[in-house]
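A closer look at the structure
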Amino acid sequence: MTGGTHALAAVAAVLAVDQLLNLSSHAPGPEPAGLVLVLGVAVVGGWLPDIDSDMSQIRQATGTTTRTILGRVFGWGIRAATGGHRGATHSLLALAAMVALVLVLPVWLGWPLALGYASHLLADQITPAGLPLLWPLPDRVRLPRPLTIRTGSMFEYLFAVGLGILIWSIWQ
């Protein structure tokens, strides 16, 4: 999935949970600033698993692409540590680490970060490549081909529109 779709999935997940846990009321600042902050954290969480890809939104936003020396070193280190794109960062082990942050970070920061991360894994799970959920084991968990959506395809854009409609309906 693309960065835009991951951002929408993260926002949808956090808005749904916010209805139950009222995460935004724990954020610093008055409403709606608290909600905007929580949703921003969710988007970061939604982009975080792709930190292992030079072309990802998170690497573009942080200036750590291979266009700079720092970016080259950072990218090499991340790829070496995670096994490349869709390696360790797309596993249940990484998700467990994010969920563990919920226990030590403030509610308004930990929950949106972990929910954004989880939404990323769910969205990537429906792509044909699947995910190495049991990393470091090499096997990938994949859905049957007819149920998958190719990144950048018309079906991904329809999926993104569906997420947008879901966000709008939750926000009402």
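Above this text you will find the structure in question.
Residues numbered from 1 in each chain as written. Predicted model: local features only at pLDDT ≥ 70, side-chain atom pairs only at ≥ 80, totals over all residues. Heavy atoms only, no water.

1. Focus on helix H1 (residues 3-21)
If you check H1, its first and last C-alpha atoms are 26 Å apart, about what 19 residues at 1.5 Å a residue would give, namely 27 Å. Gly3, Thr5, His6, Ala7, Ala9, Ala10, Val11, Ala12, Val14, Leu15, Val17 and Asp18 are the residues of H1 that are buried. On its buried side, H1 packs onto helix H2 (33-47), helix H3 (57-62), helix H6 (107-125) and helix H7 (154-171). (Helix = DSSP H or I, 4+ residues; strand = E, 2+ residues; numbered from the N terminus. Expected span 1.5 Å × (residues − 1). Buried < 20%, exposed > 50% of the residue type's maximum accessible area, 1.4 Å probe, protein only. Contact = heavy atoms within 4.5 Å.)

2. Overview of the environment of Val102
Turning to its location among the elements, Val102 is positioned in helix H5 (residues 92-104). Put simply, Val102 and Pro112 are ten residues apart on the chain and 8.9 Å apart in space, counted from C-alpha to C-alpha. Leave out the neighbours within four places in its chain, and Val102 touches Gly110, Trp111 and Ala114.

3. Points about the side chain of Glu156
The topology assignment puts Glu156 in helix H7. It turns out Glu156 is buried and unbridged, and the closest side chain with the opposite charge, Arg86, is 8.5 Å from it. Here the side chain of Glu156 touches Thr5 through a polar contact of 2.6 Å, side chain to side chain. Those residues within four positions of Glu156 in sequence are excluded, and the remaining contacts are Met1, Thr2, Thr5, Ile149, Arg150 and Thr151. (Lys, Arg positive; Asp, Glu negative; His and termini not counted. Salt bridge = Lys/Arg side-chain N within 4 Å of Asp/Glu carboxyl O. Polar contact = N/O pair within 3.5 Å; in protein donor to acceptor, adjacent residues only side chain to side chain.)

4. Examining the packing of H1 against H2
Two numbers describe how H1 lies on H2: the axes approach to 8 Å, and their chain directions differ by 130 degrees. With respect to their mutual orientation, H1 and H2 come out oblique. Along this stretch, H1 crosses H2, giving a crossing that reads as right-handed. Counting all contacts with H1, which are made through Gly3, His6, Ala7, Ala10, Val11, Val14, Leu15 and Asp18, the residues of H2 involved are Leu35, Val38, Leu39, Ala42, Val43, Gly46 and Trp47. Looking at the contact of H1 with H2, its residues break down into eleven nonpolar, three polar and one charged. (Axes fitted to C-alpha atoms, helices over the stretch in contact; angles between N-to-C directions. Parallel < 35°, antiparallel > 145°, perpendicular 65-115°, else oblique. Left-handed = near helix turned anticlockwise from the far one by under 90°. Nonpolar A, V, L, I, M, F, W, Y, C, P; charged D, E, K, R; others polar.)

5. Description of the packing of H5 against H6
Where H5 meets H6, the closest approach of the two axes is 7 Å, and the angle between their N-to-C directions is 160 degrees. Our classification of the angle between H5 and H6 gives roughly antiparallel. Seen along the crossing, H5 lies across H6 with a hand that is left-handed. Every residue of H6 that contacts H5 at Ala94, Leu95, Met98, Val99, Leu101 and Val102 is listed here: Gly110, Trp111, Leu113, Ala114, Tyr117, Ala118 and Leu121. Partitioning the contact of H5 with H6 into residue classes produces twelve nonpolar, one polar and no charged.

6. Brief notes about H6
For H6, built from 19 residues, the straight-helix expectation of 27 Å at 1.5 Å per residue is met to within 8% by its first-to-last C-alpha distance of 27 Å. Burial within H6 is extensive, with 14 of its 19 residues counted as buried.

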